[in-house]
Amino acid sequence: MADRSVGRPRVEGDPDPRIAEFYDDLRAGFSDDPAYDGDSPWVTTPLVVGVDHVAMSIVHSPVGDDAVDLVLQLAEKHGLVVYDPQGDEATGLHGDYADAVG
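Here the structure is a predicted model, which means the values were calculated and not measured.

## Description of the pattern of salt bridges
For the structure on display, the rule yields three salt bridges. Residues aspartate 24 and arginine 27 are paired through a salt bridge, measuring 2.9 Å at the closest nitrogen-oxygen approach. With aspartate 24 and arginine 27 both in helix H2 (residues 17-29) and three residues apart, this pair spans about one turn of that helix.

The following block contains the structure:
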């Protein structure tokens with residue numbers, strides 16, 4: 001999916017129900033409301049939600065570590081794969097994926 005989406009225009013439409021549910025659960029744990037003044041793990045808010053993804057940049061801090069843990073837990077719950085472009089790693093669906101993206 002990451003290979004397919006590189007350099008392509010963003011597809012408009014309603015998010016896949018799994019993405020919508022993942023995003024709702026994620027926001028319940030960590031708000032992405034730009035007006036939120038608490039300790040946030042997000043570098044930028046609101047998070048970018050597309051039909052087939054939620055894009056997020058996470059701060060390097062203890063709250064960021066908590067957000068990563070929640071993202072991984074929710075991805076498994078909703079049957080999603082997490083792609084980390086910094087490490088060129090994908091995880092989820094009960095496994096790690098060794099093939100590089102790009």
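## A short note on the packing of aromatic side chains
Within the structure shown, the criterion is met by one aromatic pair. Where phenylalanine 30 meets tryptophan 42, the ring centres are 6.4 Å apart and the plane angle is 85°; that geometry is what we call edge-to-face. Within this pair, whereas phenylalanine 30 is found in the loop between H2 and strand E1 (48-49), its partner tryptophan 42 is found in the loop between H2 and E1, the two being separated by 12 residues in sequence. According to the relative accessible area criterion, phenylalanine 30 is buried, its value standing at 16%.

## With respect to the packing of H2 against helix H3 (residues 62-78)
Running from amino to carboxyl end, H2 crosses H3 at an angle of 150°, the nearest separation of the two axes being 10 Å. Viewed along their axes, H2 and H3 adopt a mutual orientation that is roughly antiparallel. Between H2 and H3 lies a crossing of right-handed hand. Of the residues in H3, those in contact with Arg18, Glu21, Phe22, Asp25, Leu26 and Gly29 of H2 are Leu70, Val71, Leu74, Ala75, Lys77 and His78.

## Brief notes about H3
Taking 1.5 Å of rise per residue, the 17 residues of H3 would be expected to cover 24 Å, and the 24 Å separating its terminal C-alpha atoms lies within 8% of that figure. Looking at H3, one finds that the buried residues are Val63, Gly64, Ala67, Leu70, Val71, Leu74, Ala75 and His78. With its buried residues spanning 135° around the axis, H3 presents them on a single face. Of the exposed residues in H3, the ones pointing more than 90 degrees away from its buried face are Pro62, Asp69 and Gln73. Contacts from the buried residues of H3 go to H2 and strand E3 (81-84). Immediately beyond the C-terminal end of H3, within one or two residues, lies glycine 79, with a positive phi of roughly 70°.

Scoring rules and cut-offs
- Residues numbered from 1 in each chain as written.
- Predicted model: local features only at pLDDT ≥ 70, side-chain atom pairs only at ≥ 80, totals over all residues.
- Heavy atoms only, no water.
- Salt bridge = Lys/Arg side-chain N within 4 Å of Asp/Glu carboxyl O.
- Helix = DSSP H or I, 4+ residues; strand = E, 2+ residues; numbered from the N terminus.
- Phe/Tyr/Trp six-rings, centres within 6.5 Å; stacked < 30°, edge-to-face > 60°.
- Buried < 20%, exposed > 50% of the residue type's maximum accessible area, 1.4 Å probe, protein only.
- Axes fitted to C-alpha atoms, helices over the stretch in contact; angles between N-to-C directions.
- Parallel < 35°, antiparallel > 145°, perpendicular 65-115°, else oblique.
- Left-handed = near helix turned anticlockwise from the far one by under 90°.
- Contact = heavy atoms within 4.5 Å.
- Expected span 1.5 Å × (residues − 1).
- Arc of directions from axis to C-beta.

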